[in-house]
Structure formats: structure tokens, C-alpha cells
Amino acid sequence: MLDRLPEAPAQGDLEVAYVARGAALAACETARELAVGTLLAEREIQDRWREAQTPRRRLWPW
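Residues numbered from 1 in each chain as written. Predicted model: local features only at pLDDT ≥ 70, side-chain atom pairs only at ≥ 80, totals over all residues. Heavy atoms only, no water.

### With respect to the overall build of the protein chain
Okay, so step 1: When its secondary structure is counted, the protein chain shows one helix and zero strands.
Okay, so step 2: On C-alpha atoms alone, the protein chain measures out to a radius of gyration of 25 Å, which is more than a quarter above the 11 Å that the 2.2 N^0.38 rule sets for 62 residues.
Okay, so step 3: For the protein chain, the C-alpha atoms occupy an extent of roughly 85 × 15 × 10 Å along the three principal directions.
Okay, so step 4: Here the protein chain holds 62 residues, and the buried ones make up 0% of them.
Okay, so step 5: About 6,500 Å² of surface is accessible on the protein chain, with carbon and sulfur atoms providing 60% of the total.
Okay, so step 6: Charge separation in the protein chain, taken as the distance between the mean sites of 9 positive and 10 negative side-chain charges, equals 19 Å. (Helix = DSSP H or I, 4+ residues; strand = E, 2+ residues; numbered from the N terminus. Rg over C-alpha atoms; globule rule 2.2 N^0.38 Å. Buried < 20%, exposed > 50% of the residue type's maximum accessible area, 1.4 Å probe, protein only. Areas by Shrake-Rupley, 256 points an atom, 1.4 Å probe, with all protein chains shown as cover. Lys, Arg positive; Asp, Glu negative; His and termini not counted. Charge placed at Lys NZ, Arg CZ, Asp CG, Glu CD.)

This is the structure:
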């Protein structure tokens, strides 16, 4: 939701709106970085599990 300014905004109203928007952007970026990091970690775990489950081909027939 976007913040709305009053009918006749003062300088302080504008500063508060910019600070609030900056804080929201910082929180969003932090959440995005956490989500991406979690996704990459999950994929790495899945890849290691799949690799461990794949039967290895023997070099020698005996």
C-alpha cells in the first residue's frame, strides 16, 4: 500500500514519507536476499542428495 500525503504536505511530511519508503525497500530487499539464499541452499542440498542416490558405475566388471 502506498503512503498518501496530506492535502497540504509540509517538508516534514515529505521526509517521513521518504524515510518510510526507504525502510520498506530495505525490508523488501532483505527478505528477497533471504529467500534467494534459502532457495539456493535447498537446491544444493537436493543436488547432494541426488548425487548420493545415483548408483556409481564401476570401472572394472568384477
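Having seen the structure, we can now continue with the description.
### Some details on the pattern of salt bridges
Okay, so step 1: Per the counting criterion, the structure on display carries three salt bridges.
Okay, so step 2: Here Arg-32 and Glu-29 are joined by a salt bridge, their closest N and O atoms 2.8 Å apart. Taken together, the residues Arg-32 and Glu-29, both in helix H1 (residues 11-53) and three residues apart, mark about one turn of the helix.
Okay, so step 3: Assessed through its relative accessible area of 33%, Glu-29 is described here as partly exposed.
Okay, so step 4: Asp-47 serves as the salt-bridge partner of Arg-50, at 3.1 Å between the closest nitrogen and oxygen. With Arg-50 and Asp-47 both in helix H1 and three residues apart, the pair spans about one turn of that helix. (Salt bridge = Lys/Arg side-chain N within 4 Å of Asp/Glu carboxyl O.)

### Thoughts on a nonpolar patch on the surface
Okay, so step 1: Residues Leu-5, Leu-14 and Tyr-18 make up a contiguous nonpolar surface patch of roughly 310 Å² in combined accessible area.
Okay, so step 2: One can find Tyr-18 in helix H1. (Patch = residues over 30% accessible without salt bridge, like charges linked within 9 Å, V, L, I, M, F, W, Y side chains within 5 Å.)

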